Amino acid sequence: MTDPLVAGTEAADLVSALTSRGQTVATAESLTAGLLAATIAGIPGASLVLRGGLVVYATDLKAGLAGVDPGVLASDGPVAASTARALAVGAVARCGADWGVGLTGVAGPDPQDGQPVGTVYLGIAGPDGVSAERLELAGDRWAIRSGAVRSAVSALLVHMRAAPAG
């Protein structure tokens, strides 16, 4: 049986691209609670490129485990572009990876910290710098969480292809 988390993602392409570059990835995940790392791990050979992941569902763990500045969390909140960027940087630093992905958002059923359901921030840190983007995802909790994973895999591939190899 094929890993059900891998279906509909470009995870195999991501593992292949990381492997061919000799690079690694780590995650710091809030709303996805490890689904991104688990999706990458579903690809044979992922052990060569997946350094690990931090599940930082609780706001205090975003600071304690991922190293997000408490001032950023206090001023911008846990669901913000600045927090997603800091999560990605924290994943790189804490796991010793070339690339880091940070995911934070609201899967529902209720809004959180003034953010509507379906709001997701995706941060990517790598050799080419750090960026974040806001995603607007629709559906139930599973649709939003799995959509965030698919978006993260695709966005990381785009960043990798744009960055110089090595």
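Below is a summary of the structure that appears in this document. Quantities reported herein were computed from a predicted structural model and do not represent experimental measurements.

## Concerning the overall build of the protein chain
Helix and strand counts for the protein chain come out as six helices and five strands. Taken from N to C terminus, the helices and strands of the protein chain fall in the order α-β-α-β-α-α-α-β-β-β-α. Here the protein chain has a C-alpha radius of gyration of 15 Å; the compact-globule value for 166 residues is 15 Å, and the two agree. Seen through its principal axes, the protein chain has C-alpha atoms that stretch 40 × 35 × 25 Å. Looking at the 166 residues of the protein chain, the share that counts as buried comes to 48%. A separation threshold of at least 6 residues defines the contact pool for the protein chain, and within that pool the share at least 24 residues apart is 65%. Working note: accessible area of the protein chain is about 7100 Å², and carbon and sulfur atoms make up 55% of it. Charge separation in the protein chain, taken as the distance between the mean sites of 10 positive and 14 negative side-chain charges, equals 3 Å.

## Details of helix α6 (residues 141-162)
Taking 1.5 Å per residue, 22 residues should reach 32 Å; α6 reaches 32 Å between its end C-alpha atoms and fits that length. In this structure, the buried residues of α6 make contact with α1 (11-21), β1 (25-29), α2 (35-41), β3 (99-105), β4 (119-126) and β5 (129-136). Its side-chain oxygen 3.2 Å from the backbone nitrogen of W142, D140 forms the N-cap of α6.

## Observations concerning the sheet that holds β4
Pairing in this open sheet of five strands is mixed, and the strands run β2-β1-β3-β4-β5 from one edge to the other. Of all the strands in the sheet, the pair left with one neighbour each is β2 (50-55) and β5. Between one strand axis and the next, the sheet turns through 15° on average, direction left out of account. Where β1 lies against β2, five bridges are found, and the strand directions are parallel.

## Re the layout of surface pockets
Unoccupied space between atoms shows up once a probe the size of one water molecule is rolled over them. As a volume, the largest pocket reaches approximately 180 Å³. Among the secondary structure elements, those contributing two or more residues to the lining of the largest pocket are α3 (59-64) and β3. When the residues that make up the lining of the largest pocket are grouped by side-chain class, the tally is seven nonpolar, six polar and three charged.

## Considering the packing of α1 against α6
Where α1 contacts α6, the two axes come as close as 9 Å, and the packing angle between them is 30°. In this view, α1 runs roughly parallel relative to α6, as classed from their interaxial angle. Of the two elements, α1 crosses α6, and the hand of that crossing is left-handed. Along the contact surface, α1 presents A11, D13, L14, A17, L18 and R21, while α6 presents V153, L156, L157, M160 and R161. Its residues assigned to classes, the contact of α1 with α6 shows eight nonpolar, no polar and three charged.

## A few points about the environment of V158
Locating V158 in the fold gives a position in helix α6. Looking at V158, the relative accessible area reads 55%, which means it is exposed. Along the chain, V158 and A12 lie 146 residues apart, while their C-alpha atoms are 14 Å from each other.

## Quick look at the pairing of β3
Across the seven residues of β3, seven count as buried, placing the element largely inside the fold. Neither face of β3 is left uncovered, since the one carrying W99, V101, L103 and G105 and the one carrying G100, G102 and T104 both have all their residues buried. Bridge analysis of β1 against β3 gives five bridges, and the strand direction is parallel. When the bridges of β3 are listed, V25 appears paired with W99.

## Some details on the pattern of salt bridges
Evaluation of the coordinates by the stated rule reveals one salt bridge. Salt-bridge contacts for E136 lead to R134; the nearest nitrogen and oxygen are separated by 2.4 Å. Judged by its relative accessible area of 53%, E136 falls in the exposed class.

About the thresholds
Residues numbered from 1 in each chain as written. Predicted model: local features only at pLDDT ≥ 70, side-chain atom pairs only at ≥ 80, totals over all residues. Heavy atoms only, no water. Helix = DSSP H or I, 4+ residues; strand = E, 2+ residues; numbered from the N terminus. Rg over C-alpha atoms; globule rule 2.2 N^0.38 Å. Buried < 20%, exposed > 50% of the residue type's maximum accessible area, 1.4 Å probe, protein only. Contact = heavy atoms within 4.5 Å. Areas by Shrake-Rupley, 256 points an atom, 1.4 Å probe, with all protein chains shown as cover. Lys, Arg positive; Asp, Glu negative; His and termini not counted. Charge placed at Lys NZ, Arg CZ, Asp CG, Glu CD. Expected span 1.5 Å × (residues − 1). Polar contact = N/O pair within 3.5 Å; in protein donor to acceptor, adjacent residues only side chain to side chain. Pairing = 2+ DSSP bridges. Axes fitted to C-alpha atoms, helices over the stretch in contact; angles between N-to-C directions. 1 Å grid on protein atoms, 1.4 Å probe; cavity = no way out; pocket = protein on both sides within 12 Å on 5 of 7 lines; lining within 4 Å. Points joined across faces, edges and corners; volume = space filled by probe spheres on them. Nonpolar A, V, L, I, M, F, W, Y, C, P; charged D, E, K, R; others polar. Parallel < 35°, antiparallel > 145°, perpendicular 65-115°, else oblique. Left-handed = near helix turned anticlockwise from the far one by under 90°. Salt bridge = Lys/Arg side-chain N within 4 Å of Asp/Glu carboxyl O.

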